[in-house]
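Structural features, examined
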Amino acid sequence: MAAELVPGYRIVHMIGQGGQAQVYLAERETDGLRVALKVLDSKLRHDRVFFERFLREYKLLTALENEFVVRIYEQGVTGDRAYIAMEFLPSGTLASRIREGLDSRAALRLAAQIARALDAIHSQGIVHRDLKPTNILFRANGQPVIVDFGLARDLAASSNLTVQGQLLATPRYMSPEHFLGQRIDARSDLYSMGAILYEMLAGQRIYESETPASMIEMHVKGPVPRLPERLAGYRVEWHEYPMPHSVCAEEIADIAAFLARIV
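These numbers were taken from a predicted model, which means no experiment stands behind them.

Time to look at the packing of aromatic side chains. The description of an aromatic ring pair uses the distance of the two centres, along with the angle that the planes make with each other. In the structure shown here, the tally under the stated rule is 1 aromatic pair. A centroid spacing of 6.1 Å and a plane angle of 65° characterise the contact between Y9 and Y83, whose relative ring orientation is edge-to-face. Placement of Y9 in strand β1 (residues 9-17) and of Y83 in strand β5 (residues 81-87) is noted, with a sequence separation of 74 residues between them. By relative accessible area, which is 8% here, Y83 ends up buried. R28 extends its terminal NZ or CZ atom over the ring of Y73, reaching a point 5.8 Å from the ring centre. For R97, the ring lying beneath its charged end belongs to F138, and the centroid distance is 3.6 Å.

What follows deals with the nonpolar core. By size, the foremost hydrophobic cluster in this structure holds 59 residues, and its most contacted members are L94, L118, I121, I146, F149 and M200. In contact with F149, other than residues within four places in its own chain, are E57, L61, L64, V69, I121 and H128. If you look at the next biggest cluster of nonpolar residues, it comprises 11 residues, including V6, A26, V35 and L37.

Moving on to the pairing of strand β4 (residues 72-78). Both faces of the sheet carry side chains from a regular strand, because those side chains alternate between them. Of the pairings in the sheet, the one linking β4 to β5 comprises 6 bridges and is antiparallel in character. Bridge pairing links T78 to R81 in β5. Where β4 folds back on β5, the antiparallel hairpin that results is connected by 2 residues, among which G79 adopts a positive phi of roughly 60°.

A separate point is the pairing of strand β3 (residues 34-40). Most of β3 sits inside the fold, with 6 of its 7 residues counted as buried. Where strand β2 (residues 21-28) and β3 come together, 7 bridges link them in antiparallel fashion. The residue bridging Y24 from the neighbouring strand is L37, located in β3. Counting the residues between successive antiparallel strands, the hairpin from β2 to β3 contains 5 residues, one of them, G32, with a positive phi of roughly 80°. The sheet contact formed by β3 and β5 spans 5 bridges and is antiparallel. Pairing of L37 across the sheet is with A85, part of β5.

In the structure shown here, the tally under the stated rule is 11 salt bridges. Close ionic contact of E87 with R71 constitutes a salt bridge, the shortest N to O distance being 3.1 Å. Remark: R71 occurs in the loop between α2 (48-62) and β4 and E87 occurs in strand β5; sequence separation between them is 16 residues. Classification of R71 by relative accessible area gives partly exposed; the value is 44%. Salt-bridge contacts for D254 lead to R116; the nearest nitrogen and oxygen are separated by 2.8 Å. Here R116 lies in helix α4 (residues 104-123) and D254 lies in helix α8 (residues 249-262), a separation of 138 residues in the sequence. A single network of salt bridges, built from pairs that share partners, joins R10, E27 and R34.

Rules used throughout
- Residue numbers here run from 1 along each chain, matching the order of that chain's written sequence.
- Note on the predicted model: pLDDT of at least 70 is required for a residue's local features to be given, and 80 or more for side-chain atom pairs to be given and counted; whole-chain, interface and lining totals, by contrast, use all residues.
- Note that water and hydrogens are dropped before the side-chain values are worked out from all heavy atoms of the structure.
- Between rings of Phe, Tyr and Trp, where Trp is taken as its six-membered ring, a pair exists when centres lie within 6.5 Å; planes separated by under 30 degrees are stacked, by over 60 edge-to-face, and by other angles tilted.
- Elements are defined by DSSP. Helices are runs of H or I of four residues or more, strands are runs of E of two residues or more, and each kind is numbered from the N terminus.
- The cut-offs for exposure are 20% and 50% of the maximum accessible area for each residue type, with area from a 1.4 Å probe on protein chains only; residues under the lower value are buried, those over the upper are exposed, and the others partly exposed.
- Ring-over charges, as used throughout, are those where CZ of Arg or NZ of Lys falls within 6 Å of the ring centre and within 35 degrees of the ring normal.
- The criterion is simple. A nonpolar core is a set of buried Ala, Val, Leu, Ile, Met, Phe, Trp, Tyr and Cys residues joined through side-chain atoms within 4.5 Å.
- Contacts between residues were defined by any pair of non-hydrogen atoms, one from each residue, lying within 4.5 Å.
- A pair of strands is treated as paired once DSSP finds two or more bridges between them.
- Here a salt bridge means any side-chain nitrogen of Lys or Arg lying within 4 Å of a carboxyl oxygen belonging to Asp or Glu.

Shown next as structure tokens:
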């Protein structure tokens, strides 16, 4: 199977599987480099929306040269298989670190690094649209890296590539305007970042629900959860949402980095 899946790569094992693609740990035959090989499901190869979104992910990633964004090596199409070879990140996800528990300083340091990555992404006119703990992985040196730009959008592009009636992002971290089908800009990623930071600090998710429908209602109409009293010093009160356009990822990174130094 390894030789037939994608020529030039030897499959070691599957890393993960989603609704549109499978990701494998693979070795590049020319030099033995270990890569994460993302392969579009062959059933979707001839679906224009999914195929073009897959091609667009590579294009967006090649435009982003930032230490906190996954490195990209190659894209190709062989038979019914489209693939992207990218950096293999061996040290787990932010989701697993949250489950293990993060102290406030570690959470704030990570938040500052993630916000720096978002600032680089947004400066290129790109919105991730599916930021969540499982899409933040770690290099062996502990550096966080944002991955999975399959739903990312170039705000300057005219094509939307949405699938009518389908909710493709993860409801737990989606912004209200995303749910409502409104125009999305960088502030939507900042909302997701806030939900992640809350989870890192408090050790619990911003909202809990048994169904996607009630989760949507909580994000759109529910009260903003407050951090526990022991974390009251980290509270920021927004008097309106969406937040002002003047708020950016760089500002959040600076605040998080400052707080990490003084806690």
